[in-house]
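# Report on the structure
In case you want the letters, here they are:
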Amino acid sequence: MMYLLILNGEDEGNRINLKPGTYVIGRSPDSEIVLPADKYISGSHAELKCLKNGTISLSDKNSRNGTYLLGDPLTKPAKVKPGDIFRVGHTFLKLSRRSEDRLVESEVSPDTTPEAIMVIDLVGSSNIAQAVGDRLASKVKNTLLFHLKENLKKYPAEFVKGTGDGFLITFSKVKPAINLAAGFLSDLKEHQSFGGIRVRIGINYGETFKLPDGDRRGMMVDQAFRVESLKIENMHQTVLGIKKVDMPRSDRIFITEIVHKMIANDPLIKTRCIGYFDLKGFTGRHKIFEVLI
């Protein structure tokens, strides 16, 4: 059986079972799928059509703020497949199917799940080792690990992995990832012996592949690494965003547009638009934001 999973907002985690039929999504109580808490959703915002053969299509019903499938605005009905994420207003929904229905999938294929993906990198770690020696460089990494563990106590993660010069961390929700990143970076800045050591943090949200050993793979993981490592030469200077000369090189938390939209209603999280960037291995220009602390 197919179902919709609400990924954020007041109804986060709720599941809506889908049977053959037509489902209007909106704030109106007359809608089949009612989302009254999101003020950016129209009364009758979007429509899902589920056919008996398993085909599902999504269309926008001339809503005020549009309907977006995989980040692109819908201008005509489009097919939706399991794993696809679409947005109405500021609410993200994922089309999924129950595990017992996945009979055609290989038994050894990795599990997939939507997660917030965080990449932390120690800037210039090789230069640090050359400048101060391996022992002091190891002490720097231990300092990073200490502050990371302290923040993980407050905001537990689904998965943590060392990457040599940093960490790959995943969360089931976006806000804990943002809060951990902000707390971690604040702690490092306040640590007097931290000296000139700098870090970069990138956060993305999307489908990850969970391997048998727990490790994560997939395009969304790759994109998080690209966001963490963004450089000035990747940036397109436009009227939107900041000037290239003002782009922070380190001590920053960069997030993708989907992450920004998922936290847009939280008054406690402050952000600014950095601009549009090329991401190696990904087509198009990508809008990147910074979390301010």
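All of the points below concern the structure found in this document. These numbers come from a predicted model, not from an experiment.

Looking now at the overall build of the protein chain. Each helix and strand in the protein chain was counted, giving five helices and 20 strands. The buried share of the protein chain, taken over its 293 residues, is 46%. Sequence-distant contacts in the protein chain: of pairs separated by 6 or more residues, those separated by 24 or more amount to 59%. Surface exposure of the protein chain reaches about 15,400 Å², of which carbon and sulfur atoms provide 50%.

Take the pattern of salt bridges next. Where charged atoms from two side chains of opposite charge approach closely, those side chains can pair. Throughout the structure, instances matching the rule amount to 13 salt bridges. Between Lys94 and Glu207 there is a salt bridge; the shortest N-O distance is 3.2 Å. Remark: Glu207 occurs in strand 15 (residues 199-210) and Lys94 occurs in strand 11 (residues 91-97); sequence separation between them is 113 residues. Residue Lys94 shares its accessibility class with Glu207, and that shared class is buried.

Sheet strands line up and pair through hydrogen bonds in the backbone, either parallel or antiparallel. Strand order across the open sheet formed by five strands is 4-3-5-6-9, with mixed pairing between neighbours. In this open sheet, the two edge strands, each paired with only one partner strand, are strand 4 (33-34) and strand 9 (78-79). The pairing of strand 5 (residues 46-50) with strand 6 (residues 56-60) spans five bridges and is classified as antiparallel. Opposite Ala46, over in strand 6, you have Asp60 as the bridge partner.

The rules behind each value
- Residues numbered from 1 in each chain as written.
- Predicted model: local features only at pLDDT ≥ 70, side-chain atom pairs only at ≥ 80, totals over all residues.
- Heavy atoms only, no water.
- Helix = DSSP H or I, 4+ residues; strand = E, 2+ residues; numbered from the N terminus.
- Buried < 20%, exposed > 50% of the residue type's maximum accessible area, 1.4 Å probe, protein only.
- Contact = heavy atoms within 4.5 Å.
- Areas by Shrake-Rupley, 256 points an atom, 1.4 Å probe, with all protein chains shown as cover.
- Salt bridge = Lys/Arg side-chain N within 4 Å of Asp/Glu carboxyl O.
- Pairing = 2+ DSSP bridges.

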